Amino acid sequence: TRVFDTGFGYHATGGQIFKGRLIAFIVLVLVNIISSVQPLFGLVVAPIFIVLLPWILNSSLRFSARMTSFRNIRLNWHGTYWKTMWLFVIAPLVGLLTLGLLTPLISRYYYSYFASSHSYGTTRFSAKPKISQFYLAFLLGGIIPTMVFGCLAFAILTISAELSGSGSFGRSQNIWVFIIMLFYGFIFSMAFIYSVLCRNLMMQSLILGNNLTFDSQISPLKFIWISLSNLFLTFISVGLLLPWAKIRMHKYLCAMTFVTAIGNIDT
């Protein structure tokens, strides 16, 4: 991965990553075994895990940043416990409880926090996208696609009910199938369209000091095509094409990400 004809460095070792994942795996196995024998243990572990989650996330993000360098200068993560707790753990639940009404507002502060908590050497990144842009992204990437999907699902289920002789759509169990399909349609829209639009908004407002500006022009439709085709090809190849699929996606994300230097890049 190159910017201004210079590649990035990654300094983590396989041993470091393996040890971290092995510890996480052992903890999860032990918790599940103990919880199956003593269900009350699960009730005790859950609150402890929630309390530890911001620390775990901060440690992971700091490790990922510190292991990445560009021109021999490393990145870093400066997130705090309480901000991570609010924006990564609590705020998403608030967005769900408000039926998505506060989701764009939360997304704006989440992406701004994620960007501004990173630094390149001693210089902090900054991103201040407009809240109105996230509400527009929520409308275009979440609400409208879900409505279109809902109309298609309603038409298909109605025709199916008529052809099978089970009565009208509203008087059959199809109404529950429709609700489930609508829910999954919303999740799909948020994961593959809204999140892409949010990423574009963050990158378009991202700056590093007074020297670098950024841009992102990822197409949600192409992102969906690459994601789904990667999933299909990985499945039919029994996982053998997974490395190819990851490289394919990484190349597209890089090709749609732009960096502009204000003045001399050496500065």
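On a predicted model such as this, the values are computed, not experimentally measured, just so you know.

### With respect to a nonpolar patch on the surface
So, step 1. The grouping of Phe 18, Leu 22, Phe 25, Ile 26, Val 29, Leu 30, Ile 33, Ile 34 and Val 37 at the surface amounts to a nonpolar patch, some 850 Å² of accessible area in total.
So, step 2. With respect to the helices and strands, Leu 22 occurs in helix 1 (residues 14-37).
So, step 3. You can call Leu 22 partly exposed: its relative accessible area is 36%.

### Section: the sheet that holds strand 7 (residues 206-208)
So, step 1. In spatial order, the strands read 1-2-3-4-5-6-7-8-9; together these nine strands make up an open sheet with antiparallel pairing. Unpaired on one side and paired on the other, strand 1 (2-3) and strand 9 (257-261) mark the two borders of the sheet.
So, step 2. Of the pairings in the sheet, the one linking strand 1 to strand 2 (residues 6-10) comprises two bridges and is antiparallel in character. Pairing of Arg 2 across the sheet is with Gly 7, part of strand 2.
So, step 3. Sheet contacts for helix 6 (residues 174-204): strand 6 (123-127), strand 7, strand 8 (212-216) and strand 9; angle to strand 8, the most-contacted strand, approximately 160°.

### Some words on helix 2 (residues 39-66)
Each α-helix winds once per 3.6 residues, and so residues spaced three or four apart point in a common direction.
So, step 1. Helix length check: helix 2, at 28 residues, gives a terminal C-alpha distance of 39 Å against a target of 40 Å (1.5 Å per residue), a fit within 8%.
So, step 2. Along helix 2, the largest kink reaches about 40° and is centred on Leu 52; proline Pro 54 follows within four residues of it.
So, step 3. Among all positions in helix 2, only Val 45, Pro 54, Asn 58, Leu 61 and Ala 65 are buried.
So, step 4. Packing partners of the buried residues in helix 2 comprise helix 1, strand 3 (68-70), strand 4 (73-77), helix 3 (81-97), helix 4 (103-116) and strand 5 (118-120).

### What to know about helix 3
So, step 1. In this model, helix 3 (17 residues) spans 23 Å end to end at C-alpha, consistent with the 24 Å of a helix rising 1.5 Å per residue.
So, step 2. Largest kink in helix 3: about 45°, centred on Ile 90, with the proline Pro 92 one to four residues after it.
So, step 3. Buried residues of helix 3: Thr 84, Met 85, Leu 87, Val 89, Ala 91 and Gly 95, and no others.
So, step 4. For helix 3, the secondary structure elements touched by its buried residues are helix 2, strand 4 and helix 4.
So, step 5. Immediately beyond the C-terminal end of helix 3, within one or two residues, lies Leu 99, with a positive phi of roughly 55°.

### Examining the environment of Tyr 252
So, step 1. Inspection of the secondary structure puts Tyr 252 in helix 8 (residues 242-255).
So, step 2. C-alpha of Tyr 252 to C-alpha of Phe 223: the two residues are 29 residues apart in sequence and 8.4 Å apart in space.
So, step 3. For Tyr 252, the side chain forms a polar contact with the main-chain nitrogen of Ser 219, separated by 2.9 Å.

Rules and cut-offs
Residues numbered from 1 in each chain as written. Predicted model: local features only at pLDDT ≥ 70, side-chain atom pairs only at ≥ 80, totals over all residues. Heavy atoms only, no water. Patch = residues over 30% accessible without salt bridge, like charges linked within 9 Å, V, L, I, M, F, W, Y side chains within 5 Å. Areas by Shrake-Rupley, 256 points an atom, 1.4 Å probe, with all protein chains shown as cover. Salt bridge = Lys/Arg side-chain N within 4 Å of Asp/Glu carboxyl O. Helix = DSSP H or I, 4+ residues; strand = E, 2+ residues; numbered from the N terminus. Buried < 20%, exposed > 50% of the residue type's maximum accessible area, 1.4 Å probe, protein only. Pairing = 2+ DSSP bridges. Contact = heavy atoms within 4.5 Å. Axes fitted to C-alpha atoms, helices over the stretch in contact; angles between N-to-C directions. Expected span 1.5 Å × (residues − 1). Bend = angle between axes of the 7 residues up to and from the residue. Polar contact = N/O pair within 3.5 Å; in protein donor to acceptor, adjacent residues only side chain to side chain.

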